[in-house]
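Coordinate analysis (summary)
As a plain string of letters, each chain reads:
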Amino acid sequence: MFKELILILMGGVLVNNYVLQQFLGICPFLGVSKKVNQATGMGVAVTFVMLCATAVTHPIYTYILVPCKLEYLQTIAFILVIAALVQFVEIILKKYIPALYKSLGVYLPLITTNCAVLGVTINNITDGYNFLAAMISSLGVGLGFLLAMLLFAGVRSRIENCPSPKAFRGVPITLIAASIVALAFFGFAGVVENILGV
Amino acid sequence: MTENKKLATFLRGIIAENPVLILILGTCPTLATTTSVISALSMGIAATIVLICSNAVISALRKVIPDTVRIPCYIVIIAAFVTAVQLLLQAYLPKIYDMLGVYLALIVVNCIILGRAEMFARKNTVLDSVLDGAGMGIGFLVALLIISTFREVVGNGSFAGFEIPFLEDYKISIITQAPGGFLVYGILIAVMNKLTEKRGGVKKKSFSCDGCPSSHLCHKTSCSEVEEITAAARSEAPASVGKEESENV
């Protein structure tokens with residue numbers, strides 16, 4: 001059981017990295033990765049919201065939608081819950097933890113329409129995880145997002161200073177850099193399984 | 001005259017403001033579903049249907065929806081159509097439903113759809129919004145087809161599932177995998193930059209921020225301003241903490 005959880009966690013961080021292997025959450029990955037501190041803020045905020053979202057949507061699915069045979073309302077229910085949750089978290093943070101609000105607050109509204117958050121809640125249900133496994137999986141995915149953001153922010157600050165052909169400046173060269181970072185993550189396929197001997 | 005205007009509304013999404021190639025919106029489904037022509041085509045069609053329907057409904061309800069809660073309202077409308085498309089595909093084309101997987105549900109958070117609702121449908125008539133939705137949807141579909149054709153032919157040696165005799169032996173499978181997606185998309189945008197550069201006005205777009213539906217939440221329109229806000233917040237933070245402490249004392 002413990003081994004399984006570690007596998008889910010590391011799978012989210014390295015092997016099935018949402019940004020670099022599954023193309024979820026590309027908008028913030030490319031948009032907010034110009035500086036390392038910004039990338040960290042966004043990564044932490046996304047991890048936090050993913051954990052909150054899973055903590056709320058998993059019970060809603062298991063104890064409300066399934067008994068009422070309303071599984072097909074999953075998409076609508078989840079996106080509404082996430083949108084409301086983000087607003088709620090914003091208000092709570094503003095009121096009680098202003099220091100945290102000041103560092104994460106600006107990123108929160110952007111997260112409502114982040115496909116990685118909705119993606120992880122839906123995938124947790126599709127993969128049939130129980131509550132604990134779902135939380136661990138969200139944590140892994142969030143940390144994977146943070147890792148990708150951080151690595152990429154480092155790469156990107158160097159690209160900005162490089163002379164690249166005019167047509168490649170801006171978006172194209174950033175995407176090509178992302179491709180190379182994704183190639184590096186490709187090497188993690190199978191690593192975790194082999195280390196744990198599963 | 002009005003005919004021309006309507007045509008322009010329709011064509012704008014396909015060429016001049018192509019959501020994928022010029023506005024750089026909807027990157028997630030673009031990269032994820034272009035591994036094969038079939039999945040790109042189904043994704044494009046599904047998104048176009050949702051876009052047309054949601055644009056029509058949002059435009060029809062534009063005087064009813066209160067301004068302050070418009071984003072949640074749009075999300076509900078879009079999610080309803082996405083669920084309808086999901087159920088239809090599951091019933092009639094289960095293979096395509098399995099192929100698209102989670103990305104089908106994620107049409108809800110596709111920036112193109114929410115962006116068109118926010119930027120066009122809430123200010124224009126139903127007919128114009130439908131034309132705009134159709135144009136943008138077809139623009140999305142065309143871009144997906146271009147990318148997926150290249151990725152499938154080079155990466156898998158086939159087109160829409162049919163194997164191409166000679167290329168079959170020389171496939172470069174990395175192109176159909178994750179890194180290849182970024183690479184092909186990056187090169188395609190560079191080509192578009194080169195082409196539009198010759199015609200003069202290249203619209204300098206930062207990453208999707210200009211077309212991003214949440215841009216008004218970033219207080220202004222660009223991520224660089226988010227940067228400034230964070231910087232300001234950081235410099236303020238220690239000061240406010242100090243104030244609280246002094247109050248406590």
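The rules behind each value
- Residues numbered from 1 in each chain as written.
- Chains lettered and ligands numbered in written order.
- Predicted model: local features only at pLDDT ≥ 70, side-chain atom pairs only at ≥ 80, totals over all residues.
- Helix = DSSP H or I, 4+ residues; strand = E, 2+ residues; numbered from the N terminus.
- Buried ≥ 20, exposed ≤ 12 C-beta atoms within 10 Å, placed from the backbone.
- Contact = placed C-beta atoms within 7 Å.
- Expected span 1.5 Å × (residues − 1).
- Axes fitted to C-alpha atoms, helices over the stretch in contact; angles between N-to-C directions.
- Parallel < 35°, antiparallel > 145°, perpendicular 65-115°, else oblique.
- Left-handed = near helix turned anticlockwise from the far one by under 90°.
- Nonpolar A, V, L, I, M, F, W, Y, C, P; charged D, E, K, R; others polar.
- pLDDT = per-residue confidence, 0-100.
- Core = buried A, V, L, I, M, F, W, Y, C linked by C-beta atoms within 7 Å.

Counting its regular elements, chain B contains ten helices and two strands. Reading the helices (α) and strands (β) of chain B from amino to carboxyl end gives α-α-α-α-α-α-α-α-β-β-α-α. Out of the 249 residues belonging to chain B, those deemed buried represent 44%. Looking at chain B alone, contacts between residues at least 24 apart form 73% of all its contacts between residues at least 6 apart.

Taking 1.5 Å as the rise per residue, helix α1 (residues 2–15) of chain A with 14 residues should run 20 Å; its terminal C-alpha atoms sit 18 Å apart, in good agreement. The set of residues buried in α1 of chain A consists of Ile8, Leu9, Met10, Gly12, Val13 and Leu14 of chain A.

With that out of the way, let us pick up the packing of helix α3 (residues 36–65) of chain A against helix α4 (residues 74–96) of chain A. Residues and elements named next belong to chain A. Running from N to C, α3 and α4 cross one another at 140 degrees; their axes reach a closest spacing of 10 Å. As summarised for this structure, α3 and α4 are arranged oblique, according to the angle between their axes. The handedness of the crossing between α3 and α4 is right-handed. In this structure, α3 uses Val49, Cys52, Ala53, Val56, Thr57, Ile60, Tyr61 and Leu65 to contact α4, whose residues at the interface are Gln74, Ala77, Phe78, Val81, Ile82, Leu85, Val86 and Val89.

The interface is formed by 51 residues belonging to chain B together with 45 residues belonging to chain A. The set of elements that each furnish at least two residues to the side of chain B that touches chain A consists of α2 (27–33), α4 (70–92), α6 (102–105), α7 (111–121), α9 (178–198) and α10 (223–248) of chain B. The leading source of residues in the side of chain B that touches chain A is α9 of chain B, at 13 residues. Here the residues of the side of chain B that touches chain A are counted per class, giving 37 nonpolar, ten polar and four charged.

It is worth spelling out the environment of Val184 of chain B at this point. All names here are of chain B. Here Val184 is to be found in helix α9. C-beta crowding within 10 Å serves as the criterion here: with 24 such atoms nearby, Val184 is assigned to the buried category. C-alpha separation for the pair Val184 and Lys63, spaced 121 residues apart in sequence, amounts to 43 Å. With residues up to four places along the chain from it excluded, the contact list for Val184 reads Ile147, Phe150, Arg151 and Ile175.

Residue and element names in this part refer to chain A. Phi is positive for Phe23, close to 55 degrees, though the residue is something other than glycine. One can find Phe23 in the loop between α1 and α2 (26–31). The class for Phe23 is buried, based on 25 C-beta atoms found within 10 Å. Even without glycine at this site, Lys69 takes up a positive phi of about 55 degrees. Tracing the backbone through its elements, the reader meets Lys69 in the loop between α3 and α4. Take Lys69: there are 8 C-beta atoms within 10 Å of it, and that puts it in the exposed class.

Time to look at the confidence of the model for chain B. All names here are of chain B. For chain B, per-residue confidence averages 78 on the pLDDT scale, and residues scoring 70 or more make up 79% of the total. Averaged pLDDT values for the elements of chain B fall to 44 in α10 and rise to 92 in helix α3 (residues 37–60). A low-confidence stretch, residues 218–249 (pLDDT under 50), is modelled with 31 contacts involving residues beyond four sequence positions or located in other chains. Overall fold confidence (pTM) sits at 0.82, and the ipTM for the predicted complex is 0.84.

On to the nonpolar core. Counting residues in each nonpolar core, the largest one holds 116 residues, and the members touching the most others are Val117 and Leu118 of chain A together with Val50, Ile78 and Val108 of chain B. Excluding anything up to four places from it in sequence, Val117 of chain A contacts Val46, Val49, Met50, Ala53, Ile82 and Ile111 of chain A.

The description of two packed helices rests on the angle between their axes and on the distance between the axes. Residue and element names in this part refer to chain B. As a packed pair, helix α1 (residues 2–14) and helix α8 (residues 126–156) sit with axes 6 Å apart at the nearest point and diverge in direction by 25 degrees. Compared by their axis directions, α1 and α8 come out roughly parallel. Handedness of the α1/α8 crossing: right-handed. In contact with Lys6, Thr9, Phe10, Leu11, Arg12, Gly13 and Ile14 of α1, α8 contributes Asp128, Leu131, Asp132, Ala134, Gly135, Met136, Ile138, Gly139 and Val142. Counted by class, the contact of α1 with α8 contains eight nonpolar, four polar and four charged residues.

For α7 of chain B, a buried count of ten out of eleven residues is recorded, marking the element as mostly surrounded by other parts of the structure. Those residues of α7 of chain B not exposed but buried are Cys111, Ile112, Ile113, Leu114, Gly115, Arg116, Ala117, Glu118, Phe120 and Ala121 of chain B.

Along the polypeptide, Ile76 of chain A turns up in helix α4. Of the residues examined, Ile76 of chain A has 19 C-beta atoms within 10 Å and is grouped as partly exposed. What Ile76 of chain A contacts, discounting residues up to four positions off in sequence, is Val76, Ala79, Ala80 and Thr83 of chain B.

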